[in-house]
Every structure is written in C-alpha cells, then in structure tokens.
Amino acid sequence: MLNYKKSENFWFTNLGCLSKITSVFLLSMIFMACEDDDAPADTFTESMFVEIPDGFPALDFPEDNAFSEERYVLGKKLFFDPILSRDSSVSCGSCHRPSRAFGDMVPLSNGVGGAIGNRNSPSLANIGYHPYFLREGGVPTLEMQVLVPIQEHSEFDFNVVLIAERLAHDPIYTAMCQKAYGRDPDPFCITRAISTFERTLVSGDSRYDQYAFQGDISALTSAEINGMDLFFSEDLACSSCHSGFNFTNYSFENNGLYEVYLDKGRALLTNQPDDEALFKVPTLRNVGLTAPYMHDGSMETLLEVILHYESGGVKHVNKSPEVKGFELTNQERKDLIAFLNSLSDYEFINDPNHQP
Ligand code: HEC
Ligand code: HEC
C-alpha cells in the first residue's frame, strides 16, 4: 500500500513550513511571483512553437514572462536536462514523457536514487491553462511549481540556488540565460524559462477536435460518436466534472475510490474535513496515453475506470453526488472507451518542438 506522508512538496502551500526556505534569493523570487499574479497578462496568440487550436481560448503568458523564442529554447533544454537533479540522473522529462503526453507510464515515478513519490505523474498537456497546480491546487503559478520537484526528496532532491551555481559554470547556459532574460543563470531565469516551455505544450488536435471544432464529421467513427453521446449524457454525468475544452472544470472532487484515503488530497492544504480526499479533476485529453490512472496510479485501464464509475464507487462522506452509478452494455462500454481514446493527440506527442 501507498505510504502517504506529508512532505516538503507542500512547503509553500503551508505557511508552517515556510521556515524551510532559507535562501534569500528564493524568497525574493517567490514574492516577485506573487506580485505578478495581479499584473495584466500578455495574451499569446500564435507562433511557430504553439498554435492555439480551434475551440480553445487565448493562452495568457504573465506580463513578466512574455513568450520569446530564446526563453522557449532555454526552457526546453532545462526541462530535459538531468543537471537539475542532485546526482544529475533525473530530468523533468523522466516523469513527464513526450510520448505519454508528458505523463508517465508507471503508477508512481522514480526520482533521484530510485526514490518513489506519492502520486502519479500527471500529463502536462494544456498545463498553461490550469488556474492552479498539483492535486490539492496549492500552487498558484507555473513559475512557483517548478520549485516543487527541485526540492522534493523523491524527485530532484536539490535546491534551485545550487542549480543556478551549476549552470553558471556552463558557458552555454550562461549565454542562453543572458539572451533570454538579460541575466546570468539564477532562480528567476530557471523557473521562468521552464514555465515558458511548459506553456507551449498545447494539445487540441485529436480526432475529437477534428470532428467537433474543425468541421471534419468523418473524423470519428459511429462507435466513437455513440461513446461521446454517453460521455455527455446526464445519466453518466462525466461532463459535470470533466467539462470544457480541456475536459476539466478544475474543481476538487471525491470520485469514490476508497473508504479511507491514505492521501488526504485538498485537506493537506486547507486542513478542512470537507476537503478530505478531494482531488483536482484531471483533464481527459490524451487519457488513452496516460495510464495508469488516478492520483495514486491505482487503475490500470480505462475499462477499470468505467467499471468504477458504473458501480458508483465506494462510500465516503465527501463523495460527489454526481458519482452515483449507472448501467452500460458491453458495447456501450467499448464505445465510451473508443471515445476516450479519440482524445489522443498524436500531432502533439510527435511534434518535433516537444522532443528533447
Ligand atoms: C520523479 C518524477 C517527477 C519529476 C522529476 C518531475 N515531476 Fe512534475 N509531477 C510529478 C508528480 C508525481 C506530480 C503530481 C503531484 C501532485 O499532484 O501533487 C507532478 C506535477 C507536476 C505539475 C502540476 C500538474 C498539475 O496538473 O497540477 C507540473 C506543472 C509539473 N509536475 C512540472 C514539472 C517540471 C517542470 C519538472 C522539472 C523541473 C517536473 N515536473 C519534474 C512527478 C515528477
Ligand atoms: C464528481 C466529479 C467527477 C465525475 C462525475 C466524473 N469524474 Fe472522472 N475524475 C474525477 C476526479 C476528481 C478524478 C481524479 C481522482 C484521483 O486523482 O484520484 C477523476 C479521474 C478520472 C480518470 C483518470 C484520469 C487520470 O489521468 O488519472 C478518468 C479516465 C475519468 N475520471 C473518467 C471519467 C468518466 C468516463 C466519467 C463518467 C462516467 C467520469 N470520469 C465522471 C471527477 C469526476
């Protein structure tokens, strides 16, 4: 069984842990990031690195971190470079793999020294649209989120100030940081460049998109269309949570996995009983590529997931009333799975801009 223990992962969502941040650099960077929240955002439309798909809203880049090609190139190099981890063995891309829509194929990923984390690595497709990060939603910006895996013992087990020192010894990185942000490698440059790359991970060219937004009514088979109708039906209620262009309303819900959760979900952040075992509703885009499923990677297949919702899940005081159970025929289950698989975007995973 999973042994969930509260860890430094939450050090800037939990004020009690703030004393762990000893670096002045780090603190000043975090406060700058906080101030930026209120600043007007730069609206990004299109470039050779990201195209906003039909049916998607514009993508906002923060004012202090507008898109530039230099920032993107640096961020991508950092994302795939194990130099960010203590023993230079693990990169962001080790757990967020392009071929898996920037998720992983194991229930829990390995960090430095093979250490195992507490949660399943989520897909980063369309991450630039999320209003907050992690499954309890405690991190407000992508820039701040970069610090989480850097510190986490089961991920990079390192420190952003030490990473900056490492990069400063590398003339290539020094030149790239100068070009991108007009400064030598430092936490500001590292967190912002990686976030710029992450914001370009936009996925909206699945066959479902071709059918729904690009006017190609032949893009889905009749089985997939039947599955789509089931998905959006009131009876199944999937789209009461997995709604909108990114198939999530970003709310925190309990979908009835356990009577007793080892992972307290949103309550880790708020300490409120009403938030116990609530998790951010995940996107279902590329879900055919991101098995295993759920916060702990406990479900291996989409069939398992559907049988779970059919059963109505197990009793929990915070279980959503929308998870109430329903009945499907074998064929309907297949159709629903076919629809979920039609959300896979192969243009996205094969895009040369997304490879190391
Ligand atoms: C050892 C595996 C591992 C590594 C390395 C790793 N991550 Fe993650 N990442 C995870 C896991 C697991 C989660 C889910 C944590 C949670 O939900 O609380 C996550 C969550 C995220 C999220 C939030 C997703 C969401 O839906 O809210 C972002 C963004 C992210 N990682 C980016 C990165 C970046 C950038 C790096 C490199 C600096 C990185 N990750 C390195 C495993 C990893
Ligand atoms: C009450 C809101 C709600 C409803 C209704 C709902 N889900 Fe979910 N769904 C969630 C939450 C929350 C999770 C994540 C749980 C976790 O991380 O443990 C999830 C996870 C999933 C996952 C796993 C995704 C991943 O990347 O791990 C799939 C697939 C899924 N749901 C499909 C469906 C389908 C199909 C339906 C309709 C039959 C449905 N959901 C109905 C809230 C909901």
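Residues numbered from 1 in each chain as written. Chains lettered and ligands numbered in written order. Predicted model: local features only at pLDDT ≥ 70, side-chain atom pairs only at ≥ 80, totals over all residues. Heavy atoms only, no water.

Q: Looking at this structure, how should I read the coordination of the iron atom of ligand 1?
A: By definition of the ideal shapes, four donors in a tetrahedron about a metal sit 109.5 degrees apart, and six donors in an octahedron sit 90 or 180 degrees apart. Its sole protein donor being His96 (NE2), the iron atom of ligand 1 sits 2.1 Å from that atom. As for its placement among the helices and strands, histidine 96 is situated in the loop between helix H3 (92-95) and helix H4 (142-145). (Donors = N, O, S within 2.8 Å, 3.2 Å for Na, K, Ca; no water. Helix = DSSP H or I, 4+ residues; strand = E, 2+ residues; numbered from the N terminus.)

Q: Any chance you could explain the side chain of arginine 333 here in plain terms?
A: Residue position: arginine 333 is located in helix H13 (residues 330-341). Residue classification places arginine 333 among the buried residues on the basis of a relative accessible area of 18%. Within the structure, the side chain of arginine 333 is placed 3.3 Å from the side chain of asparagine 330, a separation counted as a polar contact. With residues up to four places along the chain from it excluded, the contact list for arginine 333 reads Leu303, Ile306, Leu307, Glu310 and Leu328. (Buried < 20%, exposed > 50% of the residue type's maximum accessible area, 1.4 Å probe, protein only. Polar contact = N/O pair within 3.5 Å; in protein donor to acceptor, adjacent residues only side chain to side chain. Contact = heavy atoms within 4.5 Å.)

Q: Sorry, what's going on with the site of ligand 2 here?
A: In the vicinity of ligand 2 there are 23 residues, among which Cys238, Cys241, His242, His295 and Tyr309 approach most closely. The separation between an oxygen atom of ligand 2 and a polar main-chain atom of methionine 294 is 2.7 Å. In terms of residues, the shell around ligand 2 owes the most to one element, helix H12 (residues 302-311), which gives three residues. Looking at the shell around ligand 2, its residues break down into 16 nonpolar, five polar and two charged. (Near = heavy atom within 4 Å. Nonpolar A, V, L, I, M, F, W, Y, C, P; charged D, E, K, R; others polar.)

Q: Looking at this model, I keep getting lost on the environment of arginine 266. Mind explaining?
A: Relative to the helices and strands, arginine 266 is located in the loop between strand E3 (252-253) and helix H11 (267-270). Put simply, arginine 266 and glycine 138 are 128 residues apart on the chain and 8.2 Å apart in space, counted from C-alpha to C-alpha. Contacts of arginine 266, omitting those with residues within four sequence positions, involve Glu136, Gly137, Phe252, Asp275 and Leu278.

Q: Where do I start with the coordination of the iron atom of ligand 2 in this structure?
A: Every protein donor of the iron atom of ligand 2 is listed here as His242 (NE2) and Tyr309 (OH), and their distances to the metal cover 2.0 to 2.1 Å. Because the angles between the six donor atoms bound to the iron atom of ligand 2 fall within 82 to 179°, the donor set is best described as octahedral. One end of the pair, histidine 242, is in the loop between helix H10 (222-231) and E3; the other, tyrosine 309, is in helix H12, with 67 residues separating them in the sequence. With a relative accessible area of 22%, tyrosine 309 lands in the partly exposed category. (Tetrahedral: all angles 85-135°; square planar, octahedral: opposite > 155°, others 65-115°.)

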